[in-house]
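Below are the chains, spelled out letter by letter.
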Amino acid sequence: MANDHAAQRSVCAKYDAKFIATDDKLKLGIGRGFNPNQFPVNGARHPVAGGTCGWYIWSGSVLSQDAEFFIPMHMYHLSDICPEAIKYLGMEPGWRFMFAPDHEDVWWDASLLHV
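Only a predicted model underlies this, so the values are computations on that prediction, with no experimental measurement involved.

As for the overall build of the protein chain
Right, so step 1: On a plain count of helices and strands, the protein chain comes out with two helices and six strands.
Right, so step 2: For the protein chain, the N- to C-terminal ordering of α and β elements is α-β-β-β-β-α-β-β.
Right, so step 3: Scaling as 2.2 N^0.38, a compact globule of 115 residues should have a C-alpha radius of gyration of about 13 Å, and the protein chain matches this with 13 Å.
Right, so step 4: In terms of its C-alpha atoms, the protein chain occupies a principal-axis envelope of roughly 35 × 35 × 30 Å.
Right, so step 5: The 115 residues of the protein chain split such that 41% are buried.
Right, so step 6: Across the protein chain, the fraction of contacts at a sequence separation of at least 24, relative to all contacts at a separation of at least 6, is 59%.
Right, so step 7: Carbon and sulfur atoms provide 53% of the accessible area of the protein chain, an area that totals close to 6,200 Å².
Right, so step 8: Of note, the protein chain has its 9 positive side-chain charges centred 5 Å away from the centre of its 13 negative side-chain charges.

Structural data, given as structure tokens:
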């Protein structure tokens, strides 16, 4: 995945979020059965730990509470399955995003820092 740092910095500037680059070799958690055409697409960034970038991404309006809901995936695969999400991945831990056609919501959620 070629990180688009310019687009990521732009999103960070728009929402006054600190930019923290994500390493393509790290893993993120992707919702089991993720479908980029099932809206909204959601993302939440927890602190970076244990070979992960902290990002968890899922599709649909319901976040499953199943402990096995998220599966690991290397960051560089995201550009193949959901390139629209890449521009959000520069935001520091504690940020969330949600998008659908003609809709975007990005917000700070301090609870993400206390895992």
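Resuming the write-up.
Section: unusual backbone geometry
Right, so step 1: Here the amide bond leading from phenylalanine 39 into proline 40 is cis, since omega sits at 0 degrees, within 30 degrees of zero.
Right, so step 2: Looking at where proline 40 falls in the secondary structure, it is placed in the loop between β1 (27-31) and β2 (41-45).
Right, so step 3: Despite not being glycine, aspartate 16 shows a phi value in the positive range, around 60 degrees.
Right, so step 4: Looking at where aspartate 16 falls in the secondary structure, it is placed in the loop between α1 (5-15) and β1.
Right, so step 5: For aspartate 16, a relative accessible area of 69% gives the class exposed.
Right, so step 6: Of note, aspartate 102 is a non-glycine position whose phi angle comes to about 60 degrees, a positive value.
Right, so step 7: Residue placement: aspartate 102 occurs in the loop between β5 (95-100) and β6 (103-108).

Quick notes on the rules
Residues numbered from 1 in each chain as written. Predicted model: local features only at pLDDT ≥ 70, side-chain atom pairs only at ≥ 80, totals over all residues. Heavy atoms only, no water. Helix = DSSP H or I, 4+ residues; strand = E, 2+ residues; numbered from the N terminus. Rg over C-alpha atoms; globule rule 2.2 N^0.38 Å. Buried < 20%, exposed > 50% of the residue type's maximum accessible area, 1.4 Å probe, protein only. Contact = heavy atoms within 4.5 Å. Areas by Shrake-Rupley, 256 points an atom, 1.4 Å probe, with all protein chains shown as cover. Lys, Arg positive; Asp, Glu negative; His and termini not counted. Charge placed at Lys NZ, Arg CZ, Asp CG, Glu CD.

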